[in-house]
Amino acid sequence: MRKYPKQSYWSGTYLRICVCNLFLFCSFQMLLPILPVYMIDNGGSESAVGWITGLITIAAVLIRPFSGYALDRFRRRPVVVLGSIVLALAAGAYAISAQVGWMLSVSLLLGIGWGIMTAAYSTIVSDLVPSDRQGAGIGTFMLFGMAGMAVAPFIGGWLIDKYGPSAFFGTACFLALLSLLLFLPGAGSHSALRASLPEGGQSRSRNKLFERTSLFPALLILLFTIGYGGIISFASLLGMKLGIENGGIFFLVSNAAAMLVRPPAGKLFDARGHATVLLPGLTIGVIAFIVLSLASGQMMFIIAACLYGLSFGAVQPSILAWTIQRAAKDRRGAANSTFLVGMDSGIALGSISFGVIAQASGYEAVFLYSAVLLVALLAVYGISLARSRSSRMPGVAENREGEHKGTSIKGD
């Protein structure tokens with residue numbers, strides 16, 4: 001049988017959206033790990049720190065379903081404009097006051113902007129990438145975001161130390177606006193920047209805020225990102241406890257590792273399916289959290305950062321690509337938002353619950369519990385794989401035909 005070469009996912013529009021995503025992540029990820037330190041320095045408690053990150057993600061969770069609905073039904077340009085402006089305003093508003101009440105209120109606004117924007121860009125890119133290149137295409141797109149996650153916390157720590165809060169928050173605001181300004185030229189000229197229309201008329205499911213086929217991947221990413229909520233809130237603080245001057249080095253190292261693993265992980269996903277990426281990725285994540293919980297100096301701290309980056313860089317984009325594969329084209333906005341609701345719910349749960357644990361038992365306990373959660377996730381995922389394989393055994397597959405329509409070990 002003749003094999004045809006796979007289509008390329010590279011285009012001018014694709015590259016532009018990737019760079020927009022880079023600046024967006026630089027803006028948001030500059031804020032996220034610095035806000036806990038900023039709050040502690042201004043008299044906040046560990047519990048309040050957990051609520052800062054928790055409220056950002058709660059707001060994102062609440063806006064995600066409506067973002068997905070709007071992306072599937074309407075033009076995508078006004079959605080991007082609205083989300084960018086909201087995020088930029090919130091980033092700048094942190095400079096007004098360091099009072100806990102004000103920061104919590106602004107965090108809600110920041111979460112709304114973040115929830116809109118991440119759903120918008122990932123939906124646009126999923127339409128730009130051919131179906132057989134989703135693993136590599138989405139992985140490359142998220143590589144740009146990961147580059148922002150790698151450098152932004154370190155640069156943010158340098159900015160706030162050298163030039164103060166006003167320059168720090170002003171830079172975050174500027175980067176969000178820069179992402180929007182780069183997006184606007186030609187934003188209405190490509191079909192991927194408009195809502196996808198189903199073939200043969202209106203889909204019955206288009207009015208639903210959540211995509212049913214995305215619920216299981218959303219559960220997996222929720223369990224995975226509970227630990228990420230602890231990383232965001234307390235990795236920098238643990239670094240300070242260990243005597244590391246700039247705890248942002250954790251994010252620099254972990255995101256550099258994630259950037260290295262994403263291209264081969266994406267290719268492996270496209271060639272062999274999600275199990276070949278997720279099983280080793282989750283196992284490495286368990287090891288990373290154990291090492292971090294036992295860290296007694298900078299070397300173990302950096303080793304844990306590297307391991308966690310390898311895990312995150314393999315797992316998160318693979319679950320997203322799997323989510324997109326399972327959904328109909330006209331439901332990609334809802335599929336993306338369902339995935340991101342799961343992701344943000346995990347971060348919120350982790351940030352808030354681990355804030356209580358950190359105050360009672362210390363930062364080390366946060367990361368030990370995170371390792372236990374990933375072991376539970378491995379068990380849930382392993383059971384689903386076993387059930388999926390057994391359903392395709394002779395005499396069983398026929399009885400369950402259509403039960404998991406459009407799924408397989410490669411794209412289940």
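Check the entry above for the structure.
Below you will find a few notes about this structure. (Residues numbered from 1 in each chain as written. Predicted model: local features only at pLDDT ≥ 70, side-chain atom pairs only at ≥ 80, totals over all residues. Heavy atoms only, no water.)

A look at the overall build of the protein
When you go through the protein residue by residue, the secondary structure sums to 13 helices and zero strands. Mapped in sequence order, the helices and strands of the protein form the string α-α-α-α-α-α-α-α-α-α-α-α-α. Burial statistics for the protein: of 412 residues in total, 58% are counted as buried. For the protein, the share of sequence-separated contacts (at least 6 apart) that also reach a separation of at least 24 residues comes to 85%. Only carbon and sulfur atoms are counted for the fraction: they give 66% of the accessible area of the protein, which is about 16,600 Å². (Helix = DSSP H or I, 4+ residues; strand = E, 2+ residues; numbered from the N terminus. Buried < 20%, exposed > 50% of the residue type's maximum accessible area, 1.4 Å probe, protein only. Contact = heavy atoms within 4.5 Å. Areas by Shrake-Rupley, 256 points an atom, 1.4 Å probe, with all protein chains shown as cover.)

Section: the side chain of serine 254
With respect to the helices and strands, serine 254 occurs in helix 9 (residues 249–272). A polar atom in the side chain of serine 254 sits 3.4 Å from the backbone oxygen of phenylalanine 251. Among all residues touching serine 254, those that are not within four sequence positions of it are Ala305 and Gly309. (Polar contact = N/O pair within 3.5 Å; in protein donor to acceptor, adjacent residues only side chain to side chain.)

Regarding the packing of aromatic side chains
This structure, assessed with the given rule, holds 18 aromatic pairs. With a centroid separation of 5.8 Å and 25° between ring planes, the pair formed by phenylalanine 234 and tyrosine 363 is classed as stacked. Here phenylalanine 234, found in helix 8 (residues 215–241), pairs with tyrosine 363, found in helix 13 (residues 363–390); they are 129 residues apart in sequence, far enough to count as distant. Just as phenylalanine 234 is buried, tyrosine 363 falls in that class too. Where tyrosine 308 meets phenylalanine 312, the ring centres are 6.1 Å apart and the plane angle is 35°; that geometry is what we call tilted. Taken together, the residues span about one helical turn, with tyrosine 308 and phenylalanine 312 both in helix 11 (residues 298–326) at a distance of four residues. Here tyrosine 308 and phenylalanine 312 have matching classes, each one buried. Cluster of aromatic residues (ring-pair linked, three or more members): Phe224, Tyr228, Phe289, Tyr308, Phe312 and Phe367. The ring centre of tyrosine 163 lies 5.9 Å from the NZ or CZ of lysine 162, which sits over that ring. (Phe/Tyr/Trp six-rings, centres within 6.5 Å; stacked < 30°, edge-to-face > 60°. Lys NZ or Arg CZ within 6 Å of the ring centre and 35° of its normal.)

Description of the packing of helix 4 (residues 76–93) against helix 5 (residues 100–128)
The N-to-C vectors of helix 4 and helix 5 enclose an angle of 150°; their axes lie 8 Å apart at closest approach. Comparing the axis directions of helix 4 and helix 5 gives the class roughly antiparallel. Between helix 4 and helix 5 the crossing geometry is left-handed. Partitioned by chemical class, the residues of the contact of helix 4 with helix 5 number 19 nonpolar, four polar and two charged. (Axes fitted to C-alpha atoms, helices over the stretch in contact; angles between N-to-C directions. Parallel < 35°, antiparallel > 145°, perpendicular 65-115°, else oblique. Left-handed = near helix turned anticlockwise from the far one by under 90°. Nonpolar A, V, L, I, M, F, W, Y, C, P; charged D, E, K, R; others polar.)

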